[in-house]
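The primary structure of each chain is shown beneath.
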Amino acid sequence: MATRRIVHNCRQLLNNTSEISVKVPWGQVKGIEVGPKDAPPVLMFHGWLDNCYSFVPLLTMLPKNRRYIALDLPGHGHSSHKPTGCYNLILNAVVDLEHIRRNLNLEKFTFIGHSMSGILGVLYSSTYPEHIDRTVVIDSLFPYVKESSEVVTNLRKASDDFINDGFRCRTYKDMETLATTKSLSTWYVGLDAELCQLIVERNTVPCEGGIKQIYDPKLRYSSLVYLSREQYVEFLKALQKPVLYLEGDKGVTSILPPLKGLYETAKATVPNNLMTSEVIEGPHHFHMSNPSDTAMSISKFIGS
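These numbers come from a predicted model, not from an experiment.

Conventions we followed
Residues numbered from 1 in each chain as written. Predicted model: local features only at pLDDT ≥ 70, side-chain atom pairs only at ≥ 80, totals over all residues. Heavy atoms only, no water. Phe/Tyr/Trp six-rings, centres within 6.5 Å; stacked < 30°, edge-to-face > 60°. Helix = DSSP H or I, 4+ residues; strand = E, 2+ residues; numbered from the N terminus. Buried < 20%, exposed > 50% of the residue type's maximum accessible area, 1.4 Å probe, protein only. Lys NZ or Arg CZ within 6 Å of the ring centre and 35° of its normal. Axes fitted to C-alpha atoms, helices over the stretch in contact; angles between N-to-C directions. Parallel < 35°, antiparallel > 145°, perpendicular 65-115°, else oblique. Contact = heavy atoms within 4.5 Å. Nonpolar A, V, L, I, M, F, W, Y, C, P; charged D, E, K, R; others polar.

**Side note on the packing of aromatic side chains**
- Tallying each qualifying case throughout the model produces 7 aromatic pairs.
- Here F142 and Y232 contribute two aromatic rings whose centre-to-centre distance is 4.9 Å and whose plane-to-plane angle is 65 degrees, an arrangement assigned as edge-to-face. Taken together, the residues F142 in the loop between β6 (132–138) and α5 (151–164) and Y232 in helix α8 (residues 229–237) connect sequence positions 90 residues apart. For the pair F142 and Y232, one class covers both residues: buried.
- Sitting above the plane of the W26 ring, K82 keeps its charged end 4.6 Å from the centroid.
- The aromatic ring of F301 is capped on one face by R134, whose charged end is 4.9 Å from the ring centroid.

**A word on the packing of helix α1 (residues 3–14) against helix α7 (residues 193–201)**
- Contact pair α1 / α7: the axes reach a minimum separation of 9 Å and the direction vectors enclose 30 degrees. Relative to α7, the element α1 lies roughly parallel. Residues T3, I6, V7, C10, R11 and L14 of α1 form the contact with α7, whose own contacting residues are E194, L195, L198 and E201.
- Across the contact of α1 with α7, the residue classes tally to 6 nonpolar, 1 polar and 3 charged.

Below is the structure:
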C-alpha cells in the first residue's frame, strides 16, 4: 500500500477517534480509542520514544468488532511523566499496565505491543495470565540483556546519568525536519518521513525557534538493572495464553543480527506450542509501512 494512501486513511481515522485518559498514581495515561465500547477490548502499546499514533495505520485495517485502546506509555506522547527520582526498569511497566487494566475495569483483554512493548506483553502475560486473552508481539521478542560481568559498570553509569540528569530534548525547525531526521535514524530506516510525522505530531509542541519534543528525558538513560537471559526465559516458560510473534524481514534482527539466535531460542522455549510466528515484509515499524499484511495476520489470530 502506497504511503500516500496509508496517510490518507490515517487522517480519516483520526477524525473519528476518541481521546481517552486513564488515571494512574503519577498522573494520567492518555491515548486514543476506536470501536464499540462493549466490544472485546484490545490494549495497544508502542515502542520506545514512539506514541500511540504509531498504531493509527494498523487501526485503519483491523477488524471493526473490537474496542481498540492505544495508549501512550508513561513519559511518551501526552501521558504524564514519572516523577523525578523514578527509574527506568522494564518490570515497572508491568505494574503500570496492571494499574491501567484495573482503572479501565477490564477483566480480560488482548495485548498488542511493538518493540519494547512486545517485551512488556510477554512479561505481563506471564505475570497476569488470567487477564490475558491473546498477545501479539511486533518485532521484538527478547529484551536487551547484560552479562553478569557488566552489571557493576552499568549500575554506575545509569546511576550517574540519573543524578546528573543532563539530557534535554532538542529543538527542531518544524515537524517535517524532525520527521525526516527520524526516518534516517537506525530504528526508523525504511519508514517514510510522512509516516514518521504521525509519531512526531503527538510528541512535540511549538516553542521559540520551532518545535520541541516532549517525551521524558529520563527515558534516554540506561536502566539501573537489566533482566538476565535466564530470568527472561522463565517468563517465556510461564506463558499460558497464545502468542503471535510478527517479525519484519528488514526489522530488528536485521538491525541487530546477534539477536536472531536469541529469538530462535525464545520461540523454542514457549511451552505447549503457544507461540506462532510469521515474517512480514518491512522494517522495524512494518505495522506502519505495511499495515494491510500486519492486520491480516493479527485478524486471523484474534478472530475477525
